[in-house]
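Geometric and topological summary
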Number of protein chains: 2
Amino acid sequence: MTNPARHEKSRLSRNEIAFRPAPAIVLVEPQLGENIGAVARAMLNFGLSEMAIVNPRDGWPNERAMAMASGASLVLERARLAASTAQALSGFTYALAMTARPRESLLPVFSPRAAAEEMKRRIDAGDRCAIMLGAERAGLSNEDVGRADAVVSIPVNPAFASLNIAQAAVVMAYEWAIADGRAPAPSDLVLAPQATKAQFEGFIGHLFEALEERRYFFPPEKREAMQRKLRTAFARAALREGEVRTLRGVIKALTEGPPKG
Amino acid sequence: MTNPARHEKSRLSRNEIAFRPAPAIVLVEPQLGENIGAVARAMLNFGLSEMAIVNPRDGWPNERAMAMASGASLVLERARLAASTAQALSGFTYALAMTARPRESLLPVFSPRAAAEEMKRRIDAGDRCAIMLGAERAGLSNEDVGRADAVVSIPVNPAFASLNIAQAAVVMAYEWAIADGRAPAPSDLVLAPQATKAQFEGFIGHLFEALEERRYFFPPEKREAMQRKLRTAFARAALREGEVRTLRGVIKALTEGPPKG
């Protein structure tokens, strides 16, 4: 059984993401439904939800697109169908064209990162931004690139440059999320208090004392260098309070030897 | 017919990319051959070529992986098969674990960008770096994460966080390429010389003169403001020499009217 409260919470946060201003993706004459669905997934993965589709080869709606999108089907349900690139772009104020061949135009070329930062500035100022992606094989026509304000080009390996449109969408949507301020959740490391110098010295002192008893520091003239080496290795680990306690337990267990009987 | 010289050139540049030091991708217990192939493509797209595979569910080699990899099959042909994560990592000096749940560990968490920059510094200093990616559903086990020096987490939309391993590989490989200094090819814009101020003023003077003749600047007290507005709009376009010539031709055509007869 699904938990309805949890479901509701998930829907709310999806809508919240969906309503946050973000660029739209405009797919121009996409061929495979699977790719349209994969683009929808990539978009929702990174908080984009507005898609427009210009003349999809296999018509619209497309079952294969819906199947591939699975959890991201809301992106496809809301997608606008357009008869031409001009129509798809009509409500936007700034348009980028993704292309692997920026050479052939006099438009500025952005890396995905620079493009995301430019769109972030513009969207914060009230612009409506669209990113055009062309058909699987041919990419965008020169005419469609000519409708853009700038070109975005992903710096791929020139010896193997064939990036599919869903992969290109992943890169662009990921950069949007970063420009929009998303960062990975921290690990428990940030919550675990770092050991104080006193706690660290308590552990080091405990270790050196146990080693001293066992005549580990030999010959005596090397004691200082040996101790510095150990201290440095442990210092680099930036031990947490709990880890210092654990390590003192380890020394205790090692010095006590196996339990009798 | 294929052009053998061209083929040779492509092979050479592929090898050149393959030999440039870069991180390896370690797939831990991947399930679908398609995903292994898609990871190989993403790697080669961004100049990575070294893959290790720990216990693939459907055995190895895998036909579906080869079909999906198509042009990137060389990555799969060279992939090392390992019986355990420990064995796959044995020759590396630095390992990262990609996981959507960084919370549960005390390892540092990197964004893909920070991880790529860290690996770039290390690889330039001679380190051998590996990036671990877990199985499609479960991701990496806590035990495998525990073998890493740090965690990488892609900051996805928490309401739709299911990123497949090929998409995760695209993001990580893309960030590697950027950290390694790859940038998009510029457009012809950088080659087209910007108009000098004299050329720009020649065009603006031509335009204002033609408009003056037609009594466009009316009433006269608004002339200055109207001229400033036009000048600003054209200045923002940062016109190239050729564009200035084109625009002077446009003024000429408009002022001459249609050809007689």
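Please refer to the structure higher up on the page.
A brief structural summary.

Scoring rules and cut-offs
Residues numbered from 1 in each chain as written. Chains lettered and ligands numbered in written order. Predicted model: local features only at pLDDT ≥ 70, side-chain atom pairs only at ≥ 80, totals over all residues. Heavy atoms only, no water. Least-squares fit on C-alpha atoms with pLDDT ≥ 70 in both. Contact = heavy atoms within 4.5 Å. Helix = DSSP H or I, 4+ residues; strand = E, 2+ residues; numbered from the N terminus. Axes fitted to C-alpha atoms, helices over the stretch in contact; angles between N-to-C directions. Parallel < 35°, antiparallel > 145°, perpendicular 65-115°, else oblique. Left-handed = near helix turned anticlockwise from the far one by under 90°. Nonpolar A, V, L, I, M, F, W, Y, C, P; charged D, E, K, R; others polar. Phe/Tyr/Trp six-rings, centres within 6.5 Å; stacked < 30°, edge-to-face > 60°. Lys NZ or Arg CZ within 6 Å of the ring centre and 35° of its normal. Pairing = 2+ DSSP bridges. Buried < 20%, exposed > 50% of the residue type's maximum accessible area, 1.4 Å probe, protein only. Buried area = accessible area lost by both parts, 1.4 Å probe. Salt bridge = Lys/Arg side-chain N within 4 Å of Asp/Glu carboxyl O. Polar contact = N/O pair within 3.5 Å; in protein donor to acceptor, adjacent residues only side chain to side chain. Expected span 1.5 Å × (residues − 1).

Right, let's get into the relation of the copies chain B and chain A. Mapping chain B onto chain A is achieved by rotating through 180 degrees and translating by 0.1 Å along the same axis, at an RMSD of 0.2 Å. The transformation just described matches what one would write down for a two-fold rotation axis. Residues of chain B ranked by C-alpha distance from the rotation axis are headed by B:V171, positioned 3.0 Å from it. A share of 100% of the interface residues of chain B reappears at the interface of chain A, consistent with the copies meeting face to face through the same patch.

With glycine set apart, most residues show a phi of negative sign, and most peptide bonds adopt trans. Here A:F218 and A:P219 are connected by a cis peptide whose omega angle stands at -5 degrees. Its location among the elements puts A:P219 in the loop between α9 (197–213) and α10 (223–236). The phi dihedral of B:S70 falls on the positive side, at around 35 degrees, and the residue is not glycine. Relative to the helices and strands, B:S70 is located in the loop between α3 (63–69) and α4 (73–77).

Turning next to the packing of α9(A) against helix α11 (residues 241–256) of chain A. All names here are of chain A. The geometry of α9 relative to α11 is characterised by a closest axis approach of 10 Å and an angle of 15 degrees between their N-to-C directions. Relative to α11, the element α9 is oriented roughly parallel. Considering the relative orientation of α9 and α11, their crossing is left-handed. Contact with α9, carried on its side by Q199, G202, F203, H206, L207 and A210, involves E241, V244, L247, R248, I251 and T255 of α11 and no other residues of that element. Looking at the contact of α9 with α11 residue by residue, the classes come out as 6 nonpolar, 4 polar and 2 charged.

A few words on the packing of aromatic side chains. Taken as a whole and judged by the stated rule, the model has 11 aromatic pairs over all chains. Taken together, the aromatic side chains of A:F46, A:Y174, B:F46 and B:Y174 make up a single cluster linked through ring pairs. For A:R122, the ring lying beneath its charged end belongs to A:Y94, and the centroid distance is 3.8 Å.

Residue and element names in this part refer to chain A. Here we have 7 strands laid out as an open sheet, ordered β3-β2-β1-β6-β4-β7-β5, and parallel in their pairing. Either end of the sheet is taken by a strand with one partner, and the two such strands are β3 (80–82) and β5 (109–110). Taken strand by strand, helix α6 (residues 112–124) contacts β4 (94–98), β5, β6 (129–133) and β7 (150–152), and its axis lies near 165 degrees from that of β4.

On to the pairing of strand β6 (residues 129–133) of chain B. All names here are of chain B. Most of β6 sits inside the fold, with 5 of its 5 residues counted as buried. Judged by which residues are buried, β6 turns out to be covered on both faces: C129, I131 and L133 on one side and A130 and M132 on the other are all buried. When strand β4 (residues 94–98) meets β6, the two strands line up parallel, connected through 4 bridges. Looking at the pairing, A97 lines up with M132 of β6.

With that settled, the discussion passes to the interface of chain B and chain A. Listed as interface residues are 54 residues of chain B and, on the opposing side, 54 residues of chain A. When chain B packs against chain A, the two sides together hide about 4,400 Å² of surface, and 61% of this comes from carbon and sulfur. Seen at the junction of chain B and chain A, the total is 2 salt bridges. With a closest N to O distance of 2.7 Å, B:R113 and A:E175 form a salt bridge. Linking chain B with chain A are 20 residue pairs in polar contact (both at pLDDT 80 or more), by the criterion used here. Within the residue set of the side of chain B that touches chain A, elements represented by two or more residues are α1 (4–19), α2 (33–45), β5 (109–110), α6 (112–124) and α8 (165–179) of chain B. In terms of residue count, the dominant contributor to the side of chain B that touches chain A is α8(B) (8 residues). For the side of chain B that touches chain A, the residue count by class is 33 nonpolar, 12 polar and 9 charged.

Residue and element names in this part refer to chain B. Across its 15 residues, α8 extends 21 Å between first and last C-alpha, which sits within 8% of the 21 Å expected from 1.5 Å per residue. Counting buried positions along α8 yields 13 of 15 residues, so the element is predominantly enclosed. The backbone nitrogen of A166 has a side-chain oxygen 2.7 Å away, supplied by the residue at the start of α8, namely N164. G181 occupies a position one or two residues after α8 and carries a positive phi of about 95 degrees.

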